[in-house]
Amino acid sequence: MTKVEATQAQEKFSELLALVEEGQERIVIESEGQVIAAVISYADLKRLEALEDATDVADFRRAVTESNAESYSVEEVITEYNKLHNTDFTVENILND
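Bear in mind the structure is a predicted one, so any value in this text is a computation, not a measurement. (Residues numbered from 1 in each chain as written. Predicted model: local features only at pLDDT ≥ 70, side-chain atom pairs only at ≥ 80, totals over all residues. Heavy atoms only, no water.)

Visitor: Explanation requested: the overall build of the chain in the structure shown.
Guide: Of the regular secondary structure elements, the chain holds five helices and three strands. Shown N-terminal to C-terminal, the secondary structure of the chain runs as helices and strands in the order β-α-α-β-β-α-α-α. The C-alpha radius of gyration of the chain comes to 23 Å, more than 25% above the 13 Å expected for a compact globule of 97 residues. With the C-alpha coordinates aligned to their principal axes, the bounding extent of the chain is approximately 55 × 30 × 25 Å. Each of the 97 residues in the chain was classed as buried or not, and the buried ones make up 13%. Taking all contacts inside the chain whose residues are at least 6 apart in sequence as the whole, residues at least 24 apart take part in 31%. Just so you have it, the chain exposes about 8000 Å², and 54% of that area is on carbon and sulfur atoms. (Helix = DSSP H or I, 4+ residues; strand = E, 2+ residues; numbered from the N terminus. Rg over C-alpha atoms; globule rule 2.2 N^0.38 Å. Buried < 20%, exposed > 50% of the residue type's maximum accessible area, 1.4 Å probe, protein only. Contact = heavy atoms within 4.5 Å. Areas by Shrake-Rupley, 256 points an atom, 1.4 Å probe, with all protein chains shown as cover.)

Visitor: Please explain the pattern of salt bridges as it appears in this structure.
Guide: Two side chains carrying opposite charge are able to pair once their charged atoms lie near each other. With the rule as written, the count across this model stands at six salt bridges. Between Glu49 and Lys46 there is a salt bridge whose closest N-O contact spans 3.2 Å. Residue Glu49 and its partner Lys46 are both found in helix H3 (residues 42–66); the two are separated by three residues, about one turn of the helix. Relative accessible area serves as the criterion here: at 40%, Lys46 is assigned to the partly exposed category. (Salt bridge = Lys/Arg side-chain N within 4 Å of Asp/Glu carboxyl O.)

Visitor: Any chance you could explain the nonpolar core here in plain terms?
Guide: It is characteristic of soluble globular proteins that their nonpolar side chains tend to be buried jointly. Counting seven residues, the largest nonpolar core consists of Val4, Ala9, Leu16, Val20, Ile27, Ile29 and Val39. Counting only elements with at least two residues in this core, the list comes to helix H2 (13–23) and strand S2 (27–31). (Core = buried A, V, L, I, M, F, W, Y, C linked by side-chain atoms within 4.5 Å.)

Visitor: What's the story with unusual backbone geometry in this structure? I'm lost.
Guide: Glycine aside, the phi torsion of most residues is negative, and most peptide linkages are trans. Its identity is not glycine, yet Glu32 carries a phi of approximately 55 degrees, on the positive side. Residue Asn86 is not a glycine yet carries a positive backbone phi of 55 degrees. By relative accessible area, which is 73% here, Asn86 ends up exposed.

Structure below.
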């Protein structure tokens, strides 16, 4: 991982992109000692997204297990919301807005 100051990153952006593309280098951009951004390869981004998706699936499975398979339809959730908030939402007007 390479750290660069924001001003240097602006001046040498094309060179930094080449480093990321060619060597799978990760660039961390700092401003006044604070990390503000990172430049990573597209492959790294796809791996990160896959990890996030896997975490979401695991969280969903855990929630289903903990709920003892109890579930609610969208209509039931909207009905309860309407009761709590004195609103009149429907699936149709939510989807069409």
